[in-house]
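Structure assessment
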Amino acid sequence: MKFFRKIGILCLMCMMLVTTSMLAVGCGKKNYNKIELNEVTHSIFYAPLYVAMNQGFFKDEGLTVTLTNGGGSDTSMTALLSGSADIILAGPETVVYTDKGDIKDAPVVFGQLTQCDGSFIVSKEANENFTLADLVGETIIGGRKGGLPAMTLEYIITKNGYKIGEGADEINLRTDVAFNLTASVWDAETSIKYCTLFEPTATNIEKQNKGHVVASLGELSGSIPYTCFATKQSYLKKHKTQAEKFLKAVARGYDYIIANDSMTVAKALEKSFTGNTLEELATAVEQYIKINAWSNDMVLTEESFENLMNVMLNAGVITEKSNWAEVVDNTIATSIKNNKKAA
C-alpha cells in the first residue's frame, strides 16, 4: 500500500496546483477546441496520433492539438490532474493507480490506442536465435517500477517460468532507471547487455552500431491495453463533442496507416520524427503492423482490462483489482465504431 500512499500525496499536490492555476487564470474563458495533449513519450508506437496531426485530421474536426512530452506516465498524470493537460496519452495503469486515491474528478480511459507491448529487447551483441533463456544470469533495464513496460516484462519472464533476481540462474530486471533515460544508461554501463526500447530509439541504436534488436515484447506479451487516451470525468461530461472529434481524428490516422504502404505512412510521420530517415520510419511502421500494435476501434474491452489487472497483480503494485466500468468509459469509442460499421 506504500505505492498508493505515494499516489495519494501526488494527487493532493496536484489538486493544490489546480487551485493555484484557477486563481491565476481568474475568469478567463478557455477555447476548448484547443486541446492540450500530454504524451508519455514520443514514439512511432503512437503513429495513428501523429498521422492525424500531420495530415490535418484534427484540423478537419475543428480542433487544434498542442503536444507536450511527459517523459513518463506519472508526469503525464500529474499534468492531467493539475489542469495543464486536457487529455493524456499514457498507460492505463496510471489511471488504475488514481482509482484508489479518492479523487472527486477522477481520470478515466476513453480510448485505447495500442493493444500490446510496443518495446523491443535490444542486445549489445547480435543474436538471431535469441530466447528468454539468454537473459538468465544477465541484467536487463526494463523501465520504471510501477510502469507498464517494466510490469509487462516481469509478467513475461515469470509466465515463462523464469525467476527474477540477481542469482546466476535468475534474470536481473532493473526498474530503477527513468523511462526516457533507458538508452543512455544502458549505453554507458558496459556490464549491462540488455534493455528494452521503443521505436524510433531501437532503430537509432542499431543505426549507430551500438546494439541489435533481438525480440519484440509485443509478440511475447500478447494482447494488453498498453497505451490509452485518458481525461477527467468532468471533461467527458462538459466537452464530449471535443473528445469525440479528437478520437475520430485519431481513428482516421489508424485507417490511413492500414490503407497505405509503409513508405507513404513514413512520409506522413516524417514531420514528427525529423531525426529519422523515411526508410527507418517505414521499417518501424512495418514492425508495429506485424505485431498488430494498434487498436482498430479504440474500445478497451473488459477482457483486455482483466489482462492488465493480472500484470499489475503479478508485479505487486496493487493488491486488488479495479472495476473496469469505473476506470473505462467506452461511450465515445463505441459510438465511433458503430458509425463506421453503419457507413
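See the structure printed just above.
Residues numbered from 1 in each chain as written. Predicted model: local features only at pLDDT ≥ 70, side-chain atom pairs only at ≥ 80, totals over all residues. Heavy atoms only, no water.

Across its full length, the protein carries 16 helices and 10 strands. Relative to a compact globule of 343 residues, whose C-alpha radius of gyration would be 20 Å, the protein shows 20 Å and is just as compact. Viewed in the frame of its principal axes, the protein has a C-alpha envelope of about 60 × 50 × 40 Å. For the protein, long-range pairs separated by at least 24 residues make up 80% of all intrachain contacts whose partners lie at least 6 apart in sequence. About 15,600 Å² of surface is accessible on the protein, with carbon and sulfur atoms providing 50% of the total. Across the protein, the mean location of the 32 positive side-chain charges is 8 Å away from that of the 39 negative side-chain charges. (Helix = DSSP H or I, 4+ residues; strand = E, 2+ residues; numbered from the N terminus. Rg over C-alpha atoms; globule rule 2.2 N^0.38 Å. Contact = heavy atoms within 4.5 Å. Areas by Shrake-Rupley, 256 points an atom, 1.4 Å probe, with all protein chains shown as cover. Lys, Arg positive; Asp, Glu negative; His and termini not counted. Charge placed at Lys NZ, Arg CZ, Asp CG, Glu CD.)

Their axes nearest at 7 Å, the elements helix 2 (residues 47–54) and helix 11 (residues 240–259) cross at an angle of 105°. The orientation of helix 2 with respect to helix 11, classified from their angle, is roughly perpendicular. Between helix 2 and helix 11, the contacting residues are Ala47, Pro48, Leu49, Val51 and Ala52 on the first element and Ala249, Val250, Gly253, Tyr254, Tyr256 and Ile257 on the second. For the contact of helix 2 with helix 11, the residue count by class is 10 nonpolar, 1 polar and no charged. (Axes fitted to C-alpha atoms, helices over the stretch in contact; angles between N-to-C directions. Parallel < 35°, antiparallel > 145°, perpendicular 65-115°, else oblique. Nonpolar A, V, L, I, M, F, W, Y, C, P; charged D, E, K, R; others polar.)

Summed over all chains, the structure comprises 13 aromatic pairs. Taking the centre distance of 5.7 Å and the plane angle of 45° together, the rings of Phe120 and Tyr288 count as tilted. With a gap of 168 residues between them, Phe120 in strand 5 (residues 120–123) and Tyr288 in helix 13 (residues 278–290) connect regions that are remote in the sequence. Judged by relative accessible area, which is 4%, Phe120 ranks as buried. Taking the relative accessible area as the measure of exposure, Tyr288 reaches 0% and is therefore buried. Among the aromatic residues, ring-to-ring pairing joins Phe45, Tyr46, Phe120, Phe179, Phe198, Tyr226, Tyr288 and Trp294 into one connected group. Above the plane of the ring of Trp186 lies Lys124, whose end atom (NZ or CZ) is 5.0 Å from the centre. (Phe/Tyr/Trp six-rings, centres within 6.5 Å; stacked < 30°, edge-to-face > 60°. Buried < 20%, exposed > 50% of the residue type's maximum accessible area, 1.4 Å probe, protein only. Lys NZ or Arg CZ within 6 Å of the ring centre and 35° of its normal.)

So, about the side chain of Asp86. Take Asp86: it is sitting in the loop between helix 4 (73–82) and strand 3 (87–90). Among the polar contacts made by the side chain of Asp86, one reaches the side chain of Lys30 at a distance of 2.5 Å. Apart from residues lying up to four places away in sequence, Asp86 is in contact with Lys30, Lys34, Ile35, Glu36, Leu80, Ala230, Thr231 and Tyr235. (Polar contact = N/O pair within 3.5 Å; in protein donor to acceptor, adjacent residues only side chain to side chain.)

A few words on the sheet that holds strand 7 (residues 172–174). Strand order in this open sheet of 5 strands is 7-6-8-5-9, and the pairing throughout is mixed. Strand pairing shows two members of the sheet lacking a second neighbour, strand 7 and strand 9 (212–216), which therefore form its edges. The average angle at which neighbouring strand axes cross in this sheet is 30°, direction not considered. Judged from the 4 bridges that link them, strand 5 and strand 8 (residues 194–197) form a sheet pairing that is antiparallel. Residue Ser123 lies in a different strand from strand 8, and its bridge partner there is Tyr194. (Pairing = 2+ DSSP bridges.)

This paragraph deals with unusual backbone geometry. Residue Pro200 is bonded to the preceding Glu199 through a cis peptide linkage, with omega at 10°. Mapping Pro200 onto the fold places it in the loop between strand 8 and helix 8 (201–207). One non-glycine residue, Asn209, lies in positive phi territory at about 60°. Structurally, Asn209 is set in the loop between helix 8 and strand 9. Relative accessible area serves as the criterion here: at 70%, Asn209 is assigned to the exposed category. Positive phi is not limited to glycine here, since Asn292 has a value of about 55°. Mapped onto the elements, Asn292 comes out in the loop between helix 13 and helix 14 (302–315). In this structure Asn292 comes out as partly exposed when scored by relative accessible area, which is 48%.

Attention now goes to the sheet that holds strand 10 (residues 227–232). Taken together, the 5 strands give an open sheet; going across it, the order is 2-1-3-10-4, and neighbouring strands pair in mixed fashion. The strands lining the two open edges of the sheet, one partner per strand, are strand 2 (64–69) and strand 4 (107–114). When strand polarity is set aside, the average angle formed by the axes of neighbouring strands in this sheet is 25°. Here strand 4 pairs with strand 10 via 6 bridges, running antiparallel. Residue pairing across strands places Gly111 opposite Phe229, the latter belonging to strand 10. Lying on the sheet, helix 2 is in contact with strand 1 (34–39), strand 2, strand 3 and strand 4; it crosses strand 2 at an angle near 135°.

Here we come to the nonpolar core. Ranked by internal contacts, the top residues of the largest apolar core, which has 83 residues, are Phe229, Phe246 and Leu269. Those residues in contact with Phe229 that sit more than four places away from it in its chain are Leu37, Ile87, Ile88, Leu89, Val108, Val109, Phe110, Gly111, Leu113, Phe246, Leu247 and Val250. Formed by 14 residues, the second largest nonpolar core is a distinct cluster that contains Phe130, Ile140, Ile157 and Leu217. (Core = buried A, V, L, I, M, F, W, Y, C linked by side-chain atoms within 4.5 Å.)

Per the stated rule, a full pass over the model turns up 11 salt bridges. When the shortest N-O distance is used, the salt bridge between Asp187 and Lys210 registers 3.5 Å. Residue Asp187 is found in helix 7 (residues 182–188), and its partner Lys210 is found in the loop between helix 8 and strand 9; the two are separated by 23 residues along the sequence. On the accessibility criterion, Asp187 (35% relative accessible area) is partly exposed. Assessed through its relative accessible area of 36%, Lys210 is described here as partly exposed. Glu280 is the partner of Lys207 in a salt bridge, and the nearest nitrogen-oxygen pair spans 3.2 Å. Taken together, the positions of Lys207 in helix 8 and Glu280 in helix 13 put the pair 73 residues apart, joining distant regions of the chain. Residue classification places Lys207 among the partly exposed positions, given a relative accessible area of 49%. (Salt bridge = Lys/Arg side-chain N within 4 Å of Asp/Glu carboxyl O.)

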